[in-house]
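Inside the fold
Read off the chains here:
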Amino acid sequence: MKVHVQFTLNGEPAEFLAEPRQTLLECLRDNLNLTGTKEGCGDGNCGSCSVLLDGQLVTSCLVLGVETQGQRVDTVEGIAKGSTLHPIQKAFIDHAALQCGICTPGFLMATKALLDHEPNPTEPQIRLWLANNLCRCTGYDKIVRAVQAAAAEMRA
Amino acid sequence: MRSFDYAAPVSLAEALALLAAHPTARVLAGGTDLLVQLKSGRRETPLVVDLKKIPELKAITFDAAEGLTIGATVPCCQLTAHADLRRVYPSLAEVAGLIGGTAVQGRASLGGNLCNAAPSADSVPLMIALSAQARVAGPQGLRTVAVEDFCVAPGKSILGPGEFLVSIFFPLPAPGFHAHYLRFIPRNEMDIAVVGVGVSTTVQDGKIAAARIALASVAPTPLFVKAAGDSLVGQAPTSEAIAGAATLAQAAAKPISDMRAPADYRRHLCDVLTRRALTATLGAQ
């Protein structure tokens, strides 16, 4: 039986009908048509489906949609302000911190969670925090530089 | 995933009634093991019972006279951030930060790590070293089980039909108490322990008054090696005493060879990691 889920999505009230077996990732993409969140491994290893659940970074492939009843979910679609990119998005473009782009929404959300938690992270802190996100294109260095640049921009 | 129903009880009584009515239901905490098992088809269930809405299962309670109680569904990220926990049980905050990466720690719980009953569970040897007690609710009421007695086989625990873990209790450390978990993994982070060792020691008046040693990934369950800890009691914290305890820990290990390491190498690691972990706690005096 489908469940009526009401929650806050990117700051706005939202609702969807979910089968209990549907993950939050499936609900976002298939029920709510928010396809910014990507599926990589589907078992919590790669981090490409990372979103914020009540402000906490989670992999949406390991959360059931029905678990988010009454909770707050933030996805990559919510971080830009209209047509103005979030400083993290801008830094990823400026530093060429992406190639194919599949992992990028997950990296953006993980970076947002990091900088919400620690506005001035060291490089080891950045690398450890982002260890739950895999990228097969960039070799990570450009991502780390982008995160450092975004952090500096957001502190300014 | 195959279809299932979902329920989120808000009290212990409601959860017990649901589990009594649905013997094949599975309980859900953070889902980082259960959802992977359901997706892969390794487990199936007609009903998932989400325990995260039950007050006793989502609270961290620190009592300066008694100790620490961690609800079975509290995610690791709350443990690493908890001020009393970091101060009084720093080794526990550290191990909560070792399980998976940031996003996994946002969901995964020590309760789930224990109930999943993997031989390689990182938190379990440390919980044994900390003399932790599992508090279990079931049709017959509440019961308490020492963490070292909780796992009985890979993926199997003492939990009977209709039972679930409510919380884990950690007694207050005595003066001179230190605990530490060490593991060997081929990568820097986010890997399954080839061998893990949890130790605790209490030193009073220059002598070891109590010690507990437990191992991961060297037996079908996390392994409490009582004799190794007991061998230290009454001794001064010397490298000879440490080497003796490490030899006993190594002798108790019954590792298998698999894709992660051959058994001989695991036995070697038991000796090395036990010595290093004990050197860390005893050097910390």
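None of the values given here were measured: they were computed from a predicted structure.

Residue and element names in this part refer to chain A. We note that the domain assignment places domain 1 (3-76) and domain 2 (87-155) within chain A. Measuring from the centre of the C-alpha atoms in domain 1 to the corresponding centre in domain 2 gives 21 Å. At the interface, 14 residues of domain 1 touch 14 residues of domain 2. Taken over both partners, the interface formed by domain 1 and domain 2 buries close to 1,100 Å², and the fraction arising from carbon and sulfur atoms is 67%. The largest per-residue losses of area from domain 1 upon contact with domain 2 belong to Leu52, Leu57 and Val76, which jointly make up 39% of the total buried on that side. One can count four residue pairs in polar contact (both at pLDDT 80 or more) joining domain 1 with domain 2.

What follows concerns the interface of chain B and chain A. With 27 residues of chain B at the contact, the number on the chain A side is 24 residues. When chain B packs against chain A, the two sides together hide about 2,000 Å² of surface, and 62% of this comes from carbon and sulfur. Among the salt bridges present, the one from Lys52(B) reaches Glu67(A), with a minimum N-O distance of 2.5 Å. At the boundary of chain B and chain A, one finds ten residue pairs in polar contact (both at pLDDT 80 or more). Only strand 1 (5-7), helix 2 (34-40), strand 3 (47-50) and helix 7 (102-105) of chain B provide two or more residues apiece to the side of chain B that touches chain A. Residue classes in the side of chain B that touches chain A are distributed as twelve nonpolar, seven polar and eight charged.

All names here are of chain B. A sheet is described by the order of its strands in space; here three strands give the open sequence 1-3-2, paired in parallel fashion. Sheet topology places strand 1 and strand 2 (26-28) at the edges, where each strand pairs with a single neighbour. The average undirected angle you get between the axes of adjacent strands in this sheet is 30°. Here three bridges tie strand 1 to strand 3, and the two strands are oriented parallel to one another. Within strand 3, the position partnered with Asp5 by the bridge is Leu47.

As a further point, take the pattern of salt bridges. Taken as a whole, this structure holds 21 salt bridges over all chains when the rule is applied. For Arg107(B), the salt bridge goes to Glu67(A), with nearest N and O atoms at 2.7 Å. Residue Arg107(B) is found in the loop between helix 7 and helix 8 (110-115), and its partner Glu67(A) is found in the loop between strand 4 (56-59) and strand 5 (72-74); the two belong to separate chains. Asp116(A) is paired through a salt bridge with Lys112(A); the nearest N and O atoms lie 3.1 Å apart. Of this pair, Asp116(A) and Lys112(A) are both found in helix 3 (residues 104-117), four residues apart, which corresponds to roughly one turn of the helix. Via salt bridges that share partners, Glu67(A), Asp50(B), Lys52(B) and Arg107(B) belong to a single interconnected network.

Residues and elements named next belong to chain B. The assigned domain composition of chain B is domain 1 (5-47), domain 2 (57-171) and domain 3 (177-283). On a C-alpha basis, the centroid separation for the pair domain 1 and domain 2 is 18 Å. Counting residues at the interface gives eleven residues for domain 1 and 16 residues for domain 2. Roughly 970 Å² is buried in total at the junction of domain 1 and domain 2, and carbon and sulfur atoms are behind 68% of that figure.

What follows concerns a nonpolar patch on the surface. Residues and elements named next belong to chain A. Together, Leu85, Ile93 and Leu98 make up a nonpolar patch on the protein surface, roughly 250 Å² of accessible area in all. One can find Leu85 in the loop between strand 5 and helix 2 (87-94). A relative accessible area of 40% means that Leu85 is categorised as partly exposed.

With that settled, consider the packing of helix 2 of chain A against helix 5 (residues 141-155) of chain A. Residue and element names in this part refer to chain A. In contact at an axis separation of 8 Å, helix 2 and helix 5 are set at 140° when each is read in the N-to-C sense. As judged from the angle between their axes, helix 2 and helix 5 are oblique. For helix 2 against helix 5, the interelement crossing comes out right-handed. Contacts between helix 2 and helix 5 pair Pro87, Ile88, Ala91 and Phe92 from the former with Ile143, Ala146, Val147, Ala149, Ala150, Glu153 and Met154 from the latter. Of the residues in the contact of helix 2 with helix 5, the class split is ten nonpolar, no polar and one charged.

Here the focus is the side chain of Ser60(A). Residue and element names in this part refer to chain A. Inspection of the secondary structure puts Ser60 in the loop between strand 4 and strand 5. Ser60 gets classed as buried once you look at its relative accessible area, which sits at 0%. There is a polar contact of 2.7 Å between the side chain of Ser60 and the backbone oxygen of Cys49. In this view, Ser60 contacts Thr23, Leu24, Leu25, Thr37, Cys49 and Val51; residues no more than four positions away in its chain are not counted.

It is worth spelling out the packing of aromatic side chains at this point. With the rule as written, the count across this model stands at five aromatic pairs over all chains. Seen in terms of ring centroids, Phe7(A) and Phe16(A) are 5.2 Å apart; in terms of plane orientation they differ by 75°. Their pairing is edge-to-face.

Our focus in this paragraph is the confidence of the model for chain B. In the predicted model, chain B carries a mean pLDDT of 96, and the fraction of residues at 70 or more is 99%. The ipTM, which scores confidence in the relative placement of chains, is 0.94 for this predicted complex, and the corresponding pTM is 0.96.

Attention shifts here to the pairing of strand 5 (residues 67-71) of chain B. For a regular strand, side chains alternate in direction, first toward one face of the sheet and then toward the other. Counting buried positions along strand 5 of chain B yields five of five residues, so the element is predominantly enclosed. In sequence, strand 4 (residues 60-63) of chain B turns back onto strand 5 of chain B through a hairpin of three residues.

Parameters and conventions
- Residues numbered from 1 in each chain as written.
- Chains lettered and ligands numbered in written order.
- Predicted model: local features only at pLDDT ≥ 70, side-chain atom pairs only at ≥ 80, totals over all residues.
- Heavy atoms only, no water.
- Domains from an automatic or database assignment.
- Contact = heavy atoms within 4.5 Å.
- Buried area = accessible area lost by both parts, 1.4 Å probe.
- Polar contact = N/O pair within 3.5 Å; in protein donor to acceptor, adjacent residues only side chain to side chain.
- Salt bridge = Lys/Arg side-chain N within 4 Å of Asp/Glu carboxyl O.
- Helix = DSSP H or I, 4+ residues; strand = E, 2+ residues; numbered from the N terminus.
- Nonpolar A, V, L, I, M, F, W, Y, C, P; charged D, E, K, R; others polar.
- Pairing = 2+ DSSP bridges.
- Axes fitted to C-alpha atoms, helices over the stretch in contact; angles between N-to-C directions.
- Patch = residues over 30% accessible without salt bridge, like charges linked within 9 Å, V, L, I, M, F, W, Y side chains within 5 Å.
- Areas by Shrake-Rupley, 256 points an atom, 1.4 Å probe, with all protein chains shown as cover.
- Buried < 20%, exposed > 50% of the residue type's maximum accessible area, 1.4 Å probe, protein only.
- Parallel < 35°, antiparallel > 145°, perpendicular 65-115°, else oblique.
- Left-handed = near helix turned anticlockwise from the far one by under 90°.
- Phe/Tyr/Trp six-rings, centres within 6.5 Å; stacked < 30°, edge-to-face > 60°.
- pLDDT = per-residue confidence, 0-100.

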